[in-house]
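Coordinate analysis (summary)
The lines below spell out each chain.
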Amino acid sequence: MSLRIVVTVKYVPDATGDRHFADDLTVDRDDVDGLLSELDEYAVEQALQISENSDDDVEITVLTVGPEDAKDALRKALSMGADKAIHVEDDDLHGTDAIGTSLVLAKAVEKAGYDLVISGMASTDGTMGVVPALLAERLGVPQVTLLSEVSVEDGTVKGRRDGDTASEQLEASLPAVVSVTDQSGEARYPSFKGIMAAKKKPVQSWDLSDLDIDEDEVGLEGAYTVVESAAERPARTAGTIVKDEGEGGKQLAEFLASQKFV
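Scope of this entry: the structure provided in the associated data block.

Considering the overall build of the protein
Summing up its helical and strand segments, the protein has 7 helices and 12 strands in all. Viewed in the frame of its principal axes, the protein has a C-alpha envelope of about 75 × 45 × 40 Å. Taking all 262 residues of the protein together, the buried fraction comes to 38%. Sequence-distant contacts, at least 24 apart, represent 70% of the contacts inside the protein between residues at least 6 apart.

This is the structure:
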């Protein structure tokens, strides 16, 4: 038996960097360093754990859609232990929204071949969290999302979804799409051996023509959603300083009351 796992990952701007919008109101990715989305590291980790705990022959492919630099995200995932990678890159993808991205991912997943797709719960730049569900719909397979625990056994994926008041035990027959949360288990740090091995692992490059996708289905022109305006966050003010000269507690209480905190 063999199990083909595809992990979708995203190359995102570093959250600690100075991020802003370009003139076309897309995220300016040229003036800030990028990296593998932290939430996607959990997806890679869960794929590796499934492989380590399985008696089947497991092959893990990491898949990303993005510019040339997105290969850095793939190399990070490969250095963690994934077997191979696929990079979908095309200039016409610039400005693609979540719906268009799900189309590209679905075509790439189908072309690659899969039994299970694992995604992070959301990207750390867009934070929409809808792509796994859109992807499952396009593939026509079950989705089991927001899992904090996941396993595969006898052609079934099982997992636990934790809510505010209860935890649910869920399962679906393969093929399926799952997403995992940041509570699913700390992602491993790539070892030196893993980093060196990643340099020799195959990375395929596909464009829209390889996936039979027309350029008008993606990009800014094909997007169902659009950013109409954007403004920089206002600079932080000094705030209110309360000097305690015997009346500090009273002043603090009055301030909290005026802001309707109490």
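Structure's up, so let's keep going.
Points about the packing of helix H3 (residues 98-112) against helix H4 (residues 131-139)
At their nearest, the axes of H3 and H4 sit 9 Å apart, and the two run at 50 degrees to each other. Classed by the angle they form, the pair H3 and H4 counts as oblique. In terms of crossing hand, the pair formed by H3 and H4 is right-handed. Along its contact with H3, which presents Ala98, Ile99, Ser102, Leu103, Leu105, Ala106, Val109 and Glu110, the element H4 presents Val131, Leu134, Leu135, Arg138 and Leu139. Tallied by class, residues from the contact of H3 with H4 come to 10 nonpolar, 1 polar and 2 charged.

Re the sheet that holds strand E11 (residues 176-180)
Reading across the sheet, the 7 strands line up as E7-E11-E6-E1-E4-E5-E12 and stay open at both edges, with parallel pairing between neighbours. Only two strands of the sheet have a single neighbouring strand rather than two, namely strand E7 (143-147) and strand E12 (203-206). The mean inter-strand angle of the sheet, taken between neighbouring strand axes irrespective of direction, is 20 degrees. Lying on the sheet, H4 is in contact with strand E1 (2-8), strand E6 (116-120), E7 and E11; it crosses E11 at an angle near 175 degrees.

Details of the environment of Val9
Tracing the backbone through its elements, the reader meets Val9 in the loop between E1 and strand E2 (11-13). Those residues within four positions of Val9 in sequence are excluded, and the remaining contacts are Leu36, Asp40, Val44, Leu63, Thr64, Val65 and Leu74.

Side note on the sheet that holds strand E10 (residues 167-173)
Two modes of strand pairing occur in sheets, parallel and antiparallel, and in both the strands are linked by backbone hydrogen bonds. Judged by pairing direction, the sheet is antiparallel, and its 3 strands sit side by side in the order E8-E9-E10 without closing on themselves. Each end of this open sheet is capped by a strand with a single partner; those strands are strand E8 (149-153) and E10. Recorded for the sheet is a direction-independent mean angle of 15 degrees between the axes of neighbouring strands. In terms of strand pairing, strand E9 (residues 156-162) meets E10 through 7 bridges, oriented antiparallel. Paired with Asp162 across the strands is Ser167, a residue of E10.

As for H4
Within the span of H4, buried status applies to Pro132, Leu135, Ala136 and Leu139. Seen from one end, H4 has its buried residues packed into an arc of 100 degrees, which puts them on one side. Positive phi shows up at Gly140, right after H4, with a value of about 70 degrees.

So, unusual backbone geometry
At the junction of Leu174 and Pro175, the peptide bond is cis and its omega measures out at 0 degrees in the coordinates. Its location among the elements puts Pro175 in the loop between E10 and E11. A positive phi angle, near 55 degrees, is found at Leu146, a position not held by glycine. By the secondary structure assignment, Leu146 is in strand E7. Given a relative accessible area of 38%, Leu146 falls into the partly exposed group. The backbone phi angle of Asp212 is positive, close to 55 degrees, even though this residue is not glycine.

Regarding the nonpolar core
Nonpolar side chains in soluble globular proteins tend to end up buried together. With 37 residues, the main nonpolar core has Ile5, Val7, Val44, Ile60, Val62 and Ile118 as its most contacted residues. Taken together, the elements giving at least two residues each to this core come down to E1, helix H1 (38-52), strand E4 (57-65), helix H2 (71-80), E6, E7 and E11. Membership of the second largest hydrophobic core comes to 23 residues, among which are Leu93, Val104, Ala108 and Leu208.

A word on the pairing of E9
Where E8 meets E9, 5 bridges bridge the pair, whose relative direction is antiparallel. Within E9, the position partnered with Val150 by the bridge is Gly159. Hairpin connection of E8 to E9: 2 residues between the antiparallel strands, including Asp154 at a positive phi of 50 degrees. Linking two consecutive strands that pair antiparallel, namely E9 and E10, is a turn of 4 residues.

Cut-off values and rules
- Residues numbered from 1 in each chain as written.
- Predicted model: local features only at pLDDT ≥ 70, side-chain atom pairs only at ≥ 80, totals over all residues.
- Heavy atoms only, no water.
- Helix = DSSP H or I, 4+ residues; strand = E, 2+ residues; numbered from the N terminus.
- Buried < 20%, exposed > 50% of the residue type's maximum accessible area, 1.4 Å probe, protein only.
- Contact = heavy atoms within 4.5 Å.
- Axes fitted to C-alpha atoms, helices over the stretch in contact; angles between N-to-C directions.
- Parallel < 35°, antiparallel > 145°, perpendicular 65-115°, else oblique.
- Left-handed = near helix turned anticlockwise from the far one by under 90°.
- Nonpolar A, V, L, I, M, F, W, Y, C, P; charged D, E, K, R; others polar.
- Pairing = 2+ DSSP bridges.
- Arc of directions from axis to C-beta.
- Core = buried A, V, L, I, M, F, W, Y, C linked by side-chain atoms within 4.5 Å.

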